[in-house]
Each structure stands twice: as C-alpha cells, then as structure tokens.
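Descriptive analysis of the structure
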Amino acid sequence: MAVCYDKLWKLLIDKKMKKIELMRKAKISSNALAHLSKDEPVSIECIEKICTTLNCTPNDILEFLTVQSEERKR
C-alpha cells in the first residue's frame, strides 16, 4: 500500500499557498517536504502539524493507494 498526497497539493492550490510557505507555517523540515513531494511516508507528527496549519484532517490531505490504484495512476 502506498500513500498519495495529491489532496494536499490541491488544497494548497485552493488556499493559494506555496509548498515553502506550508513548510514555514507548519514548521516542518525541508526533508519532510521532499518526502511529501515524492509520495513517501512521513511521521504522524508532520501530518498533525500540516493539518493544524491548514485546519483540516488527515483525510483531507492524503490517501492510501492499493497496488491496483497505484498502477492506474502511472
């Protein structure tokens, strides 16, 4: 099972916020932002900081993909 952060990027577009601005406001590391950009897992603490900053829930920023959905995405 893989994680996908497409919802996060769409939410940032809707809020007219850049990734670097999210990094600063949420106080997450550039390393964490790089992992998010590559659809790699990040800590729950990082997800919590993002959700607090954007006033949303984890369901609003990420989804888990099964192998079948991941193949369709490519």
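Residues numbered from 1 in each chain as written. Predicted model: local features only at pLDDT ≥ 70, side-chain atom pairs only at ≥ 80, totals over all residues. Heavy atoms only, no water.

**Observations concerning the packing of aromatic side chains**
As a reminder of what qualifies: Each Phe, Tyr or Trp ring, with Trp reduced to its six-membered ring, pairs with another whose centre is within 6.5 Å; inter-plane angles below 30 degrees give stacked pairs, above 60 give edge-to-face pairs, and intermediate values give tilted ones. A ring has a charge above it when a Lys NZ or an Arg CZ is no more than 6 Å from the ring centre and no more than 35 degrees off the ring normal.
Counting across every chain of the model gives 0 aromatic pairs. Sitting above the plane of the W9 ring, K19 keeps its charged end 4.3 Å from the centroid.

**Re the packing of helix α2 (residues 19-26) against helix α4 (residues 44-54)**
The following threshold applies: Lines are fitted to the C-alpha atoms to define the axes, a helix being fitted only along its stretch in contact, and any angle between axes, read from their N-to-C directions, falls within 0 to 180 degrees. Going along the chain from the N terminus, every DSSP run of H or I of four or more residues is numbered as a helix, and every run of E of two or more is numbered as a strand. Oblique is the label for every angle not falling under 35 degrees (roughly parallel), over 145 degrees (roughly antiparallel), or within 65 to 115 degrees (roughly perpendicular). Working rule for contacts: check all heavy atoms of both residues, and any pair within 4.5 Å makes them a contact. Basically, the charged four are Asp, Glu, Lys and Arg, the nonpolar ten are Ala, Val, Leu, Ile, Met, Phe, Trp, Tyr, Cys and Pro, and anything else, Gly included, counts as polar.
Interhelical geometry of α2 versus α4 gives an angle of 100 degrees and a closest axis separation of 9 Å. Between α2 and α4, the angle falls in the class roughly perpendicular. Taken together, the residues of α4 that come into contact with α2 (itself represented by L22, K25 and A26) are K49, I50, T53 and L54. Of the residues that constitute the contact of α2 with α4, the class distribution is 4 nonpolar, 1 polar and 2 charged.

**Some remarks on α2**
Note the cut-off: Accessible area is worked out with a 1.4 Å probe on protein chains only. A residue is then buried under 20% of its type maximum, exposed over 50%, and partly exposed in between. Of all possible arcs, the one meant is that of the directions from the helix axis to the C-beta atoms.
Taken together, the buried positions of α2 are L22, M23 and A26. Buried residues of α2 fall within an arc of 100 degrees about the axis and therefore sit on the same side. Looking at the buried residues of α2, the elements they touch are α1 (6-14), α3 (30-37) and α4.

**A few points about α4**
Listed as buried for α4 are C46, I47, I50, C51 and L54. Down the axis, α4 shows its buried residues gathered within 130 degrees of arc, on one side only. For α4, the exposed residues set more than 90 degrees away from the buried face come down to I44, E48 and T52. At its buried positions, α4 is contacted by α1, α2, α3 and α5 (58-61). Immediately beyond the C-terminal end of α4, within one or two residues, lies N55, with a positive phi of roughly 55 degrees.

So yeah, pure geometry; function would need other evidence.
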